[in-house]
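# Architecture at a glance
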Amino acid sequence: MWQIRLVATKRVLGSLAVLFFSLSLSVSGAERLLGGFGPGATATQRALEQRFDGQLDPALLRDWMKRLTARPHHVGSPFGKEVADFLAAQFQSWGFETQIEEFQVLFPTPRTRLLELLAPNKSRAMLVEPRLKEDATSGQHKEQLPTYNAYSADGDVQGPLVYVNRGLPDDYDELERRGIDVRGKIVIARYGESWRGIKPKVAAEHGAIACIIYSDPRDDGFAQGDPYPRGAWRNEWGAQRGSVMDMPTYAGDPLTPGVGATREAKRLERSQAPTLMKIPVLPISWSDALPLLRALGGPTVPAAWRGGLPITYHFGPGPARVRMKLEFDWKLVPAYDVIARLAGSERPEQWVIRGNHHDAWVNGADDPVSGLVALMAEARAMGALAKTGWRPRRTIVFAAWDGEEQGLLGSTEWVEAHAAELRAHAVAYVNSDSNGRGFLRASGSHTLEPLVVEVARDVNDPQRKISVADRLRAHRMVHGSGEEAKDTSPGFHIGALGSGSDYTPFIQHLGIASINVGFSGESEGGSYHSIYDSFDHYTRFVDPKFAYGVALAQVAGRLVLRLANAEVLPFAPGAFADTVARYVKEVRKLADDLRDRTEHENKLVSEGAYVAAADPTETYLPPKPKAPVPYLNFAPLENAVGRLKESARVFEARQLLAGKEVDHVLMRLEQTLIRPEGLPRRPWYKHQVYAPGFYTGYGVKTLPGVREAIEERQWKVFDVQVAAAAAALEAFAVEVDRAATLTKR
């Protein structure tokens, strides 16, 4: 009974929070001036956006999705080319100058996949996702890519099996404390808590000879809800395909780092490509994983390592012994990027770019077509407006990328091929990927945070009939934690960008301000990268009426339209300065906490007070004492932030004058955060504030050079990275000062 009352209480709190935030705005949306627009221009822009909304038809999104997901369309596939041609024809019919740019990229597909349990008994993994009568496209086996990890190494290996939980560095620390060595062994890890490519990367660093990754039902299967086709969650045969390219080193084609993968491009030998995985890797379903895990012996794992299968989870090694054999067809295939342009009327040399990828691992209804059909709706609506005589002030570029799933191939090669043009002309990049139902998610450059909040206030949530900003704030107030739950300001903070979608080359390689948007939170499931990511699954469990597809088109469309039409670009240096100040406090606290923890642990070691194993037959090694953490000098960073805050204050206290000169300064602000030498161990990533973590893959590390130097106890590297980050912030402040000279009080 108390559980029912608790749910009711949360519902009441949620309703009160929605009411609070609905009443919190002091002026109506129609009365607020838009960022970058004066009074007259604001009224004109709002009228334009109403006309834009009138062109959005959910029935069209549904029809497009059904057509685009009719067959598998991975990079290099026949239907992938048909999809690109169809998209190009649509953009052309809507009035866009359209072309398809082709790149030649490395894409291995499997010839042999074999996984066998050799001892203590014998079995062979099925490695097949069966056809379901409830899913019309699930039986297209001749065109479907099998379950595999692209850019795995070839190999025929066998050895004892070890369970490594998520397969992350901390998990190997736990294994070491228990005296378990994975050298010469095959490891099995469960998906989750990090990008898949990190798991075999860390395994190889510890001497493992192969890595198996399985989908545990605790994470996205029957422990979460009814499995497909009864419910949305992953069934016993579902397996997650995916790339294991070492993307934290660089994105894009493995053989052409830093240059576009044209036919004439100079390529590395495959043996020289650092992003190719060094050991064989294979994804499997929980049904195929169960016999392997059941055969493991050794100590039982701690509670945090246990999944949802009806077995006792053991570490191993052995008595389970496994053989894995993988062979791949390593070949170059064409990637087709569809690029459509609507020329600007006053500042055509300034480009606002909107992108979503079109390739999928299989049919890809959720990933990526749910986001792609929203982009198509935006382009169609803008084309219709253009046919009535309207033109954007700046040029709008729509892009449908190929090869995203393998490692951001299409977008990265396009960015590398057009790097000089983009540095000169790109204003911002607006990205989406998969889209669901629920709450707005937005991450990106914090100079654009006020623009995102402004747009979110002006788009209504199709389910709750309040703004998506108010719904998100109410959700965070009830379900958030820490400062997020206590924050009662009318806006919200957007997240920072790591990696995992096509914004990466724009922001982290070239320094072009970027935003990634979509909806999620109420349409979770287990179809990701399986044959069941289909039209049938999507229209039953994700967004049946395509209402959130329209909502995404409204959000992303407004972001593009306001960036394209603003009298002066709506960049906010103050929001960025405040955000970086938070990041500096975080890394300082990180260093202080590490120092305190090291002192405490070393004290316990010296006193012999380490925790012994609960079972006297198990091995548990005492932790080794660690070198003390020195007191680190954050003064260069803190001084740079102080300078930046003052520059932003002066700039934002002035009235902006519409003009190309101000625009040219503002659109290059993000580029000042790029350092030519890049980050340690991975110079392709050049942004000093946002980057994917070296051991997180998708997950962001803010102030990455500084933060990772602390985490990895590299104190000399820390000194260099503090200086580099401070220099980037100083350069940013100089440009803000320059913009201020072009304004008046």
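Residues numbered from 1 in each chain as written. Predicted model: local features only at pLDDT ≥ 70, side-chain atom pairs only at ≥ 80, totals over all residues. Heavy atoms only, no water.

As a further point, take the confidence of the model for the chain. Per-residue confidence for the chain gives a mean pLDDT of 93, with 93% of residues at or over 70. Here helix H1 (residues 2–23) stands out as the element of the chain with the lowest mean pLDDT, 34, in contrast to strand S13 (residues 394–401), whose mean of 99 is the highest. Below pLDDT 50 for its whole length, residues 1–28 participates in 25 contacts with residues either more than four positions away or in separate chains. (pLDDT = per-residue confidence, 0-100. Helix = DSSP H or I, 4+ residues; strand = E, 2+ residues; numbered from the N terminus. Contact = heavy atoms within 4.5 Å.)

So, on to the environment of Thr-112. Locating Thr-112 in the fold gives a position in strand S2 (residues 109–119). A C-alpha to C-alpha distance of 28 Å links Thr-112 and Pro-248, two positions 136 residues apart in sequence. Sequence-distant contacts of Thr-112, defined by excluding residues within four places in its chain, comprise Lys-325, Leu-326 and Glu-327. A polar contact of 2.7 Å, which involves the side chain of Thr-112, links it to the side chain of Glu-327. (Polar contact = N/O pair within 3.5 Å; in protein donor to acceptor, adjacent residues only side chain to side chain.)

Attention now goes to the side chain of Lys-701. The topology assignment puts Lys-701 in strand S18 (residues 700–702). Judged by relative accessible area, which is 15%, Lys-701 ranks as buried. Among the polar contacts made by the side chain of Lys-701, one reaches the side chain of Glu-711 at a distance of 2.8 Å. (Buried < 20%, exposed > 50% of the residue type's maximum accessible area, 1.4 Å probe, protein only.)

Here we come to the sheet that holds strand S14 (residues 426–431). Read from one edge of the open sheet, 7 strands run S1-S11-S13-S12-S14-S16-S15, paired in mixed fashion. Edge positions in the sheet fall to strand S1 (97–106) and strand S15 (438–444), since each of these pairs with one other strand and no more. Looking at each pair of strands side by side, their axes are set apart by 20 degrees on average, direction ignored. The pairing of strand S12 (residues 347–357) with S14 spans 5 bridges and is parallel. Following the sheet pairing, Trp-351 is matched in S14 by Ala-426. Against the sheet, helix H11 (residues 409–417) contacts S1, strand S11 (332–342) and S13, and its axis sits at roughly 105 degrees relative to S1. Its contacts with the sheet place helix H18 (residues 547–565) against S12, S13, S14, S15 and strand S16 (514–521), and it is angled at close to 165 degrees to S16. (Pairing = 2+ DSSP bridges. Axes fitted to C-alpha atoms, helices over the stretch in contact; angles between N-to-C directions.)

The next point concerns the nonpolar core. Phe-91, Ile-212, Tyr-214, Leu-293, Leu-422, Val-706 and Leu-729 are the most contacted members of the largest nonpolar core, which totals 226 residues. Among the elements that make up this core, the one with the highest residue count is helix H9 (residues 365–387) (13 residues). Residues in contact with Tyr-214, not counting those within four places in the same chain, are Tyr-163, Ile-188, Ala-189, Arg-190, Tyr-191, Ile-284, Ser-285, Trp-286, Ala-289, Leu-293, Leu-309 and Tyr-313. (Core = buried A, V, L, I, M, F, W, Y, C linked by side-chain atoms within 4.5 Å.)

According to the stated counting rule, one finds 45 salt bridges in the structure shown. One salt bridge connects Asp-181 with Arg-183, and the closest N-O pair in it is separated by 2.6 Å. Here Asp-181 falls in the partly exposed class, since its relative accessible area comes to 32%. The exposed category is assigned to Arg-183, whose relative accessible area is 59%. Each of Arg-32, Arg-46, Glu-49, Asp-53, Glu-454, Asp-458, Arg-558 and Arg-562 takes part in salt bridges that share partners, so that together they form one network. (Salt bridge = Lys/Arg side-chain N within 4 Å of Asp/Glu carboxyl O.)

Turning next to the pairing of S11. For S11, the buried fraction is high: 9 of the 11 residues fall into the buried class. Where S1 meets S11, 10 bridges bridge the pair, whose relative direction is antiparallel. From the neighbouring strand, Thr-98 faces S11, where its bridge partner is Ala-340. Examined bridge by bridge, S11 and S13 share 5 bridges and lie antiparallel to one another. When the bridges of S13 are listed, Arg-341 appears paired with Val-397.

Scanning all chains against the criterion turns up 25 aromatic pairs. Their ring planes at 80 degrees and their centres at 6.3 Å tell us that Tyr-228 and Phe-541 sit as a pair that is edge-to-face. Here Phe-541 lies in helix H17 (residues 535–541) and Tyr-228 lies in the loop between helix H7 (217–220) and strand S8 (242–243), a separation of 313 residues in the sequence. Phe-541 matches Tyr-228 in its accessibility class, with the two residues each being buried. One aromatic cluster is present, formed by Trp-64, Phe-91, Trp-94, Phe-96 and Phe-398 through successive ring pairs. Above the ring of Tyr-631, the side-chain terminus of Arg-595 is found at 3.9 Å from the ring centroid. (Phe/Tyr/Trp six-rings, centres within 6.5 Å; stacked < 30°, edge-to-face > 60°. Lys NZ or Arg CZ within 6 Å of the ring centre and 35° of its normal.)

Next up on the list: the side chain of Glu-116. By the secondary structure assignment, Glu-116 is in strand S2. Residue Glu-116 is classed as buried on the basis of its relative accessible area of 15%. Among the polar contacts listed, one links the side chain of Glu-116 to the side chain of Arg-124, at a separation of 3.1 Å. When neighbours within four sequence positions are excluded, Glu-116 is seen to be in contact with Ser-123, Arg-124, Arg-321, Val-322 and Arg-323.

Before going further, it helps to spend a moment on the sheet that holds S2. One open sheet accounts for 7 strands, arranged S3-S2-S10-S5-S6-S7-S9; its pairing is mixed. Bordering the open sheet on either side are strand S3 (123–124) and strand S9 (281–284), each of which pairs with just one other strand. Sheet topology places S2 next to strand S10 (residues 321–329); 9 bridges connect them, and they run antiparallel. Along S10, the bridge assignment pairs Leu-115 with Met-324.

Time to look at unusual backbone geometry. Excluding glycine, a negative phi dihedral is what most residues carry, and trans is how most peptide bonds are arranged. The residue after Gly-316, namely Pro-317, is reached through a cis peptide bond having omega -5 degrees. Positionally, Pro-317 belongs in the loop between helix H8 (286–294) and S10. Here the residue pair Gly-318 and Pro-319 is connected by a cis peptide bond, since its omega of -5 degrees sits within 30 degrees of zero. Along the chain, the position of Pro-319 falls in the loop between H8 and S10. The phi angle at Leu-408 is positive, at roughly 60 degrees, despite the residue not being glycine. When you line up the elements, Leu-408 lands in the loop between helix H10 (404–407) and H11.

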